[in-house]
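Architecture at a glance
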Amino acid sequence: MSEAVTSFIRNIEESERQYRICNACRHCEGFCPVWDAMERRNFFDAGDIKFFSYLCHDCRDCFYACPYSEPHEFGLNIPKLNSTIRYQIHSENTWPKAASGIMNRSYLSGAIVFLASLMVLGAIAISTNGYLSLFSYHSTFYDVIPYNIMDDAGLALGFYILGMWIIQGLSYWKSIGGRKRHLFNIRANVISMYEVFSHKWFKAGELGCDYPRETGTRTRMFFHGAMFFGFISAFIATMIAAYLQRFIGVNPPYSYISGPVFFGVLGGALMIIGGSGFLYMKRISDKQKADNRMLKADYLVIYLLVLISITGLATLAIRATSFMGLILVIHLSLVGTLFAMVPFGKMNHIIFRYLSLLKNNLEAGGIGVKMPAPGAESS
Ligand code: SF4
Ligand code: SF4
């Protein structure tokens, strides 16, 4: 048995031990959906432990509220265990399996993909428009990287992520005991979407997250919200630009009050605020309550999002100067790195967390419950 498998089994067993204590205590009920999901079970298998770990939003309230937390002899540290199990979920559901080590070497992998993207895009810019295209004034981005190349690469990356998410998501769904036919339950999907957009569980009841320190605040919710809505805003900007070009025939540069520029600037600014806040909170947070490998993957994604936002705004600010070509190539290389790394890094938390919320809401409605709660009807 490999060391990775042995350590996975050890962590699952340790999680079971800790959750059995919690299930007898239940003091932390209301902090997050983990406790309701736990109450529906009389025993926990590996699938349940994985399901719980992605219902956990790492608020850390249970650690500080618990009289049995480390250094008590019971040695409870639910946030850290969940962080470790989440890391293992990423490795376990990576496809192809040979790529499962990428997340363990987040920084190195990110640097290699970035340099490769930079070389490819630099070569495209130079071979298409000559060496000077990187250092001279252009009236449009497409004088640096041709429109059809940008368009094809964007579409290819979009389908690549969608395909990988379907493969990895189905693998995770099966591992937590989900049934395929339940994936499209409208009620559970609507509630889960509401929870995602409202950041409901970042409130940890009304107490707020004990993150980065033992003081309940909504700061983490605010910064996560800034990154989340910033990302959506940047996506809307890209979609509007694609629509204008494909269907209306209006090409960039767009005016400062146009849809692509407005949503792009808003998204970039929000991601810089959210990302910087997250980086600061992570720096001062207690590292004993997180898995170090997961932390590195977190840092990589946040750095990439902040750098993408800074270079994106810089591209706009200096679009009338001779530096635009160079900054654009760096910006697109960072974007390519973020998207190429999605299936092998922290960004996959989007799909795993959503599926855990979905399963929780299905079970709350009496669907797919292993040990039916009183009054609930199992399907
Ligand atoms: S974390 Fe501690 S206080 Fe909270 S439910 Fe578990 S045992 Fe009880
Ligand atoms: S750290 Fe917060 S979100 Fe995670 S299990 Fe504990 S209370 Fe729930």
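Please refer to the structure placed before this passage.
Residues numbered from 1 in each chain as written. Chains lettered and ligands numbered in written order. Predicted model: local features only at pLDDT ≥ 70, side-chain atom pairs only at ≥ 80, totals over all residues. Heavy atoms only, no water.

Formed by 41 residues in total, the largest nonpolar core has its most connected members in Tyr19, Val34, Trp35, Met38, Phe52 and Leu358. Of all the secondary structure elements, the ones that give two or more residues to this core are helix H1 (3-25), helix H2 (34-39), helix H3 (46-55), helix H5 (78-92), helix H7 (147-175), helix H11 (292-317) and helix H13 (349-364). The element that contributes the greatest number of residues to this core is H13, accounting for 7 residues. There are two domains that each give this core at least three residues, and those are domain 1 (3-93) and domain 2 (97-363). Counting residues in each nonpolar core, the second largest holds 27 residues, with Cys59, Ala204, Met227 and Leu304 among its members. (Core = buried A, V, L, I, M, F, W, Y, C linked by side-chain atoms within 4.5 Å. Buried < 20%, exposed > 50% of the residue type's maximum accessible area, 1.4 Å probe, protein only. Helix = DSSP H or I, 4+ residues; strand = E, 2+ residues; numbered from the N terminus. Domains from an automatic or database assignment.)

On to the packing of H7 against H13. What describes two packed helices is the angle between their axes and the distance between those same axes. Contact geometry for H7 and H13: axes closest at 10 Å, N-to-C directions at 40°. Between H7 and H13, the interaxial angle falls into the category oblique. As H7 runs across H13, the sense of the crossing is right-handed. Counted together, Trp165, Gln168, Gly169, Tyr172 and Trp173 of H7 and Ile350, Ile351, Phe352, Leu355, Ser356, Leu358, Lys359 and Leu362 of H13 form the full contact between these two elements. (Axes fitted to C-alpha atoms, helices over the stretch in contact; angles between N-to-C directions. Parallel < 35°, antiparallel > 145°, perpendicular 65-115°, else oblique. Left-handed = near helix turned anticlockwise from the far one by under 90°. Contact = heavy atoms within 4.5 Å.)

The full set of residues close to ligand 1 is Ile21, Cys22, Cys25, Arg26, His27, Cys28, Trp35, Cys62, Cys66, Pro67, Tyr68 and Leu76. Considering each element in turn, the shell around ligand 1 owes the most residues, 3 residues, to H1. Split into classes, the residues belonging to the shell around ligand 1 amount to 10 nonpolar, 1 polar and 1 charged. (Near = heavy atom within 4 Å. Nonpolar A, V, L, I, M, F, W, Y, C, P; charged D, E, K, R; others polar.)

Neighbouring ligand 2 are the residues Phe31, Cys32, Trp35, Cys56, His57, Asp58, Cys59, Arg60, Cys62, Ile78, Pro79 and Asn82. Its residues assigned to classes, the shell around ligand 2 shows 8 nonpolar, 2 polar and 2 charged.

A word on the packing of helix H8 (residues 186-198) against H13. Orientation of H8 relative to H13, taken along the N-to-C sense of each, is 130°, at an axis distance of 9 Å. By the angle between their directions, the pair H8 and H13 is classed as oblique. Crossing of H8 against H13: the hand is right-handed. For the pair H8 and H13, contact is made by Arg187, Ala188, Asn189, Ile191, Ser192, Met193, Glu195 and Val196 and by Tyr354, Leu357, Leu358, Asn361 and Leu362, respectively. In terms of residue class, the contact of H8 with H13 is made up of 8 nonpolar, 3 polar and 2 charged.

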